[in-house]
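Descriptive structure summary
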Amino acid sequence: MFMRQITEIKVALAPFNAASKSSRLFLNRVNTNGARKVNPTIKINTSILSDVNAPSHIQVVYRDGQKLALEADKMKINNILQVVNKHAKKLEEIEQAKSW
């Protein structure tokens, strides 16, 4: 993942809802020691929803200020990662082009 290009991640999920599996897996991917080393200033906020049937949401804020909101219950983890990385990859390419 292009964690350097992300400033904030908010995840709201109902932990006992089977449909929240993708959100839990996403949290596992972004909240690692490796990700923290790449971007130590990233803010990761997790909200636990008390309603078991409540849908989970993921919000991502990129360095350029663009925000991405996902209904994570309707997506698989690979799709979530692909959507999140799409804009981050563009920002990474722009940053690399400027450094040439």
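Report follows, based on the coordinates. Not measured: the values here are computed from a predicted model.

Along the backbone of the chain there are three helices and four strands. In the chain, the order of α-helices and β-strands from amino to carboxyl end is β-α-α-β-β-β-α. Relative to a compact globule of 100 residues, whose C-alpha radius of gyration would be 13 Å, the chain shows 14 Å and is just as compact. Taking the principal axes of its C-alpha atoms as reference, the chain extends roughly 50 × 25 × 20 Å. Relative to its 100 residues, the chain shows a buried fraction of 39%. A sequence separation of at least 24 residues applies to 66% of the contacts in the chain between residues at least 6 apart. Surface accessibility of the chain: about 6400 Å² in total, with carbon and sulfur atoms responsible for 52%. Within the chain, one finds 16 positive and 8 negative side-chain charges whose respective centroids are separated by 4 Å.

Quick notes on the rules
- Residues numbered from 1 in each chain as written.
- Predicted model: local features only at pLDDT ≥ 70, side-chain atom pairs only at ≥ 80, totals over all residues.
- Heavy atoms only, no water.
- Helix = DSSP H or I, 4+ residues; strand = E, 2+ residues; numbered from the N terminus.
- Rg over C-alpha atoms; globule rule 2.2 N^0.38 Å.
- Buried < 20%, exposed > 50% of the residue type's maximum accessible area, 1.4 Å probe, protein only.
- Contact = heavy atoms within 4.5 Å.
- Areas by Shrake-Rupley, 256 points an atom, 1.4 Å probe, with all protein chains shown as cover.
- Lys, Arg positive; Asp, Glu negative; His and termini not counted.
- Charge placed at Lys NZ, Arg CZ, Asp CG, Glu CD.

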